[in-house]
Amino acid sequence: MRTKSIDIHQHFPGTNKLDARVQACADAGIVKQVLLGLPESRVPGDNAGSLEASRLFPDLFIPFYGLEMDADTPDNISRARDRGFVGVKCIAPRRPYNDPAYFPLYERCAELELPVLYHLGIVANNKAWNDCDSNLMRAIHLDHIARMIPQLTIIGAHFGNPWSDEAGMACRWNPNLFFDFSGSLLKYRSPQFLGDLLWWQSDGPYSSPDKTTAWQKICFGTDVNSDLMEDVRQDHENLMNALNLTPELRHAIWYGTAAKILKLAPEV
Ligand SMILES: [Zn+2]
């Protein structure tokens, strides 16, 4: 039996691959999966597909709205919420994420209590993304957003890959900032590397302001094709074993922290 988990980072696989995704979730013990939409300016845009998947499988899929960062207004976010999206995904900005032009968008998300997941760091170099400047999507930008809008719940993807040192310190200082380890991160960063960056405890002179332990700020996420989800799940388990994390911290990573972010009932 796999540990029950929430996958905070996935994408719509396409209508004809939806049944295979549902099966892959069952096989990997994933009971909730966030589908992060892409705006229509990206090919293929899949906000509509993500929403449709969540209607077909309402107990499993949780749709996040893919924001057109340089075109959408705050009212577009309100409309997305009214359509059924429960969070927002940001990627491929024309300016750094912490540019003041974007703050009205983030403030609307905070008002509507929509968590925001930001792609961080390097993106694949393929046709859909060949205009992207990865340097505009750095973890340290989220530090600025998190402290300016403390009511906003923020998830940074891929632990800032490759700028994970920024991600670690931003994580420590901002109670409203969380990270996932999806992408290629666990294929090349060792347990010791990640353990060194997530070093603080819940008390003592170098604790975090909200007295949480570093690993309570990390959420399980896959972000791969359905047939590789089990492999990513195993990578997370190997990491937790190598670092000898407590059962409480493992539960936080698999389920508890994401459940709080998504306002789901805590798993028993
Ligand atoms: Zn992704």
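Refer to the structure presented above.
Residues numbered from 1 in each chain as written. Predicted model: local features only at pLDDT ≥ 70, side-chain atom pairs only at ≥ 80, totals over all residues. Heavy atoms only, no water.

## A short note on the overall build of the protein
- Within the protein, the regular secondary structure consists of 10 helices and 8 strands.
- Projected onto its principal axes, the C-alpha positions of the protein cover 45 × 45 × 35 Å.
- Considering the protein as a whole, with its 268 residues, one finds that 56% of them fall into the buried category.
- Of the roughly 11900 Å² of accessible surface on the protein, 53% is carried by carbon and sulfur atoms.
- Positive and negative side-chain charges in the protein, numbering 26 and 33 respectively, have mean positions lying 1 Å apart. (Helix = DSSP H or I, 4+ residues; strand = E, 2+ residues; numbered from the N terminus. Buried < 20%, exposed > 50% of the residue type's maximum accessible area, 1.4 Å probe, protein only. Areas by Shrake-Rupley, 256 points an atom, 1.4 Å probe, with all protein chains shown as cover. Lys, Arg positive; Asp, Glu negative; His and termini not counted. Charge placed at Lys NZ, Arg CZ, Asp CG, Glu CD.)

## Notes on helix α10 (residues 247-261)
- Over its 15 residues, α10 runs 20 Å from end to end, which matches the ideal 21 Å to within 8%, given 1.5 Å per residue.
- At I253, α10 shows its largest bend, some 60 degrees.
- All of the buried residues in α10 are L249, A252, I253, W254, Y255, G256, T257, A258, A259 and I261.
- Residues of α10 that are buried in the fold lie against β1 (5-10), β2 (30-36), β6 (154-156), β7 (177-180), β8 (218-219) and α9 (229-242).
- Positioned one or two residues after α10, K263 has a phi angle of 55 degrees, which is positive. (Expected span 1.5 Å × (residues − 1). Bend = angle between axes of the 7 residues up to and from the residue. Contact = heavy atoms within 4.5 Å.)

## Notes on the pairing of strand β4 (residues 87-90)
- Across the two faces of β4 the burial is the same, with G87 and K89 and V88 and C90 all buried.
- Here strand β3 (residues 61-66) pairs with β4 via 3 bridges, running parallel. In the strand pairing of β4, Y65 is matched with V88.
- Taken together, the 3 bridges between β4 and strand β5 (residues 116-118) define a ladder with parallel strand orientation. Directly across from K89, in β5, lies its bridge partner L117.
- Where the polypeptide runs from β4 across helix α4 (residues 103-111) and back to β5, its parallel neighbour, the crossover connection is right-handed. (Pairing = 2+ DSSP bridges. Right-handed = clockwise from strand over helix to strand, strands pointing away.)

## Some thoughts on a nonpolar patch on the surface
- Together, M169, W173, W199 and Y206 make up a nonpolar patch on the protein surface, roughly 450 Å² of accessible area in all.
- Residue placement: M169 occurs in helix α6 (residues 164-173).
- On the accessibility criterion, M169 (36% relative accessible area) is partly exposed. (Patch = residues over 30% accessible without salt bridge, like charges linked within 9 Å, V, L, I, M, F, W, Y side chains within 5 Å. Salt bridge = Lys/Arg side-chain N within 4 Å of Asp/Glu carboxyl O.)

## Examining the packing of helix α1 (residues 18-28) against α9
- Interaxial distance between α1 and α9 falls to 9 Å at its minimum, and their mutual angle equals 25 degrees. On the basis of their axis angle, the class for α1 and α9 is roughly parallel. Regarding α1 and α9, the two cross each other, and that crossing is right-handed. Across the interface between the two elements, R21, A24, C25, D27 and A28 from α1 touch M229, E230 and R233 from α9.
- Classifying every residue of the contact of α1 with α9 by side-chain character gives 4 nonpolar, no polar and 4 charged. (Axes fitted to C-alpha atoms, helices over the stretch in contact; angles between N-to-C directions. Parallel < 35°, antiparallel > 145°, perpendicular 65-115°, else oblique. Left-handed = near helix turned anticlockwise from the far one by under 90°. Nonpolar A, V, L, I, M, F, W, Y, C, P; charged D, E, K, R; others polar.)

## Re the state of the cysteines
- Enumeration according to the criterion identifies 0 disulfides in this entry.
- With no disulfide of its own, C171 lies closest to C219 among cysteine sulfurs, the gap being 9.6 Å.
- What makes C219 buried here is its relative accessible area of 0%. (Disulfide = S-S within 2.5 Å.)

## So, the coordination of the zinc ion
- Binding of the zinc ion to the protein goes through H9 (NE2), H11 (NE2) and D223 (OD), at separations of 2.1 to 2.5 Å.
- Motif for the zinc ion, donor spacing along one chain: H-x1-H-x211-D. Of this pair, H9 sits in strand β1 while D223 is found in the loop between β8 and α9, placing the two residues 214 residues apart along the sequence.
- What makes H9 buried here is its relative accessible area of 1%. (Donors = N, O, S within 2.8 Å, 3.2 Å for Na, K, Ca; no water.)

## What to know about the layout of surface pockets
- Approximately 650 Å³ is the volume found for the largest pocket.
- Of the residues contributing to the lining of the largest pocket, the split by class is 12 nonpolar, 10 polar and 3 charged.
- A volume near 280 Å³ is recorded for the second largest pocket.
- In this structure, the second largest pocket is lined by 18 residues; those nearest its centre are T153, P175, F178, K260 and I261. (1 Å grid on protein atoms, 1.4 Å probe; cavity = no way out; pocket = protein on both sides within 12 Å on 5 of 7 lines; lining within 4 Å. Points joined across faces, edges and corners; volume = space filled by probe spheres on them.)

## Remarks on the side chain of D180
- Mapped onto the elements, D180 comes out in strand β7.
- Summary of buried charges: D180 has no salt-bridge partner, and the nearest side chain of opposite charge, K89, is 8.4 Å away.
- Separated by 3.0 Å, the side chains of D180 and H9 make a polar contact.
- Looking at D180, its side chain comes within polar contact range of the main-chain nitrogen of H158, at 2.9 Å.
- The residues touching D180, leaving out its near neighbours within four places in the chain, are I8, H9, L117, I155, G156, A157, H158, F159 and C219. (Polar contact = N/O pair within 3.5 Å; in protein donor to acceptor, adjacent residues only side chain to side chain.)

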